[in-house]
Amino acid sequence: KEDRTMQTLTINLAGIMNGDTPDVVLQNEDKLTISSVEELNKQRTLSIYGEVFNPGIYKYSEGETIEDLITEAGGLREAASLHNVEVARRILSSADNPSGKATAKVFSFTLNDGLTIEGETGFKLHPHDIVTIHKSPNYQEQKVVNVSGEVKYSGTYILSNKEERLTDILKRAGGMTNNAYVNGVQVIRKISKEEMDIQRRKLEVAMNTSDSLEVMKALQKTTYNVGVNLQKAMDNPGSDSDIVMQEGDSIYIPQLNNVVKISGEVLFPNTVAYEKGKRASYYINQAGGISKTGKKSLAYIVYPNGQVSKIRKGEILPGCEIVIPTKPEKKVDTQRTSMWLALASSVSTIAAVLITALK
């Protein structure tokens, strides 16, 4: 305009070119924009997620169906469910959202084997629709556990159901040999994604505390030991002692390890032969006794199966390790120390004043 502000005029370019519409006289600094149909179409997309081979965003084509989009995305995975297939559509008019609370209009369908919609004909996708293919609730991938050591048939076993237990797997492995040490069975379990997330949250909480180093060490581990009592499990199959196996578990049945290890704050860390009925003090003496820096009241026993017990309550068994921890450092109460120093200084000052006055 004459005052240098801008205004927008919409023109019928096709009518002008055909002579059906009056032409427009261009002025200095006019800007004529002719949109590209191709560019506009690039902004019109479809999305598909879930159990397809190539989930992602695809260019919209007029008249496209769910079947077309699934085919374009590489087809369905074997875990895909044909039930509860959802299409989420943008809300464009207030008539579709009278309350103003809706964020999308969702359609739910069941597909036939040919990917056609059951009981529905003529459903077409619109630009910006999002299709979700859910996982079948009955789909299960094989879950593997490993058995090694003193069993008749060591190797890999596939869990037959979600409740298969330790004793069930050992039966399938032919049972234990005559050399097996029941009290030494070890179960090693992989850390799940959920457990790793919990460790990360612990690290966030402990970042400014002395526990942060321990949590960081825990984050580097990919497995952990599950303490089990195999004798109790065999005596009561299906009980709480008979743990349910999980994907990736490793079961190891060792031979009898007829020694006891003594470590930590002892004069001479040692490994000695197991003596039935001997108390912990006997084995500690075999390591020269507790050093000046050791704390006997905090001593504990680590069993071959991964369980841990305080030394006062635990029984010494073959393959155990007796650990004597270091005495904890005494924390100095700086506030109380400062108070006593200030008090001593005040007393000294008062005494000096009295001596001077008496002279």
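Read on for a plain summary of the structure. Bear in mind that the values here come from a model prediction, so they are computed numbers and not experimental data.

1. What to know about a nonpolar patch on the surface
The grouping of Leu 9, Ile 11, Leu 13, Met 17, Val 24, Leu 32 and Ile 34 at the surface amounts to a nonpolar patch, some 690 Å² of accessible area in total. With respect to the helices and strands, the residue Leu 13 is situated in helix H1 (residues 13-18).

2. Re the environment of Gly 314
Within the secondary structure, Gly 314 sits in the loop between strand E14 (308-310) and strand E15 (321-324). Between the C-alpha atom of Gly 314 and that of Val 302, which follows or precedes it by 12 residues, the distance is 9.5 Å. Beyond its immediate stretch of four places on either side in the chain, Gly 314 contacts Ile 301, Tyr 303 and Ser 309.

3. A look at the sheet that holds strand E11 (residues 259-264)
With mixed pairing, the 5 strands of this open sheet are ordered in space as E12-E11-E15-E13-E14. For this open sheet the edge positions go to strand E12 (270-273) and E14, each flanked by a neighbour on one side alone. On average, each strand axis in the sheet is inclined to that of its neighbour by 25 degrees, with strand direction left out of account. By the bridge criterion, 4 bridges tie E11 to E12 in an arrangement that is antiparallel.

4. With respect to the pairing of strand E1 (residues 45-50)
In this structure, E1 lies alongside strand E2 (residues 56-59), joined through 4 bridges in antiparallel fashion. When the bridges of E2 are listed, Ile 48 appears paired with Gly 56. Hairpin remark: E1 followed by E2, antiparallel, with 5 residues in the connecting loop. The pairing of E1 with strand E5 (residues 130-133) spans 4 bridges and is parallel.

5. Side note on the side chain of Ser 309
By the secondary structure assignment, Ser 309 is in strand E14. Residue class for Ser 309 comes out buried when judged on its relative accessible area of 18%. Here the side chain of Ser 309 touches Gly 314 through a polar contact of 3.4 Å, landing on its backbone nitrogen. Excluding its chain neighbours within four sequence positions, the residues that come into contact with Ser 309 are Tyr 300, Ile 301, Tyr 303 and Gly 314.

About the criteria used
Residues numbered from 1 in each chain as written. Predicted model: local features only at pLDDT ≥ 70, side-chain atom pairs only at ≥ 80, totals over all residues. Heavy atoms only, no water. Patch = residues over 30% accessible without salt bridge, like charges linked within 9 Å, V, L, I, M, F, W, Y side chains within 5 Å. Areas by Shrake-Rupley, 256 points an atom, 1.4 Å probe, with all protein chains shown as cover. Salt bridge = Lys/Arg side-chain N within 4 Å of Asp/Glu carboxyl O. Helix = DSSP H or I, 4+ residues; strand = E, 2+ residues; numbered from the N terminus. Contact = heavy atoms within 4.5 Å. Pairing = 2+ DSSP bridges. Axes fitted to C-alpha atoms, helices over the stretch in contact; angles between N-to-C directions. Buried < 20%, exposed > 50% of the residue type's maximum accessible area, 1.4 Å probe, protein only. Polar contact = N/O pair within 3.5 Å; in protein donor to acceptor, adjacent residues only side chain to side chain.

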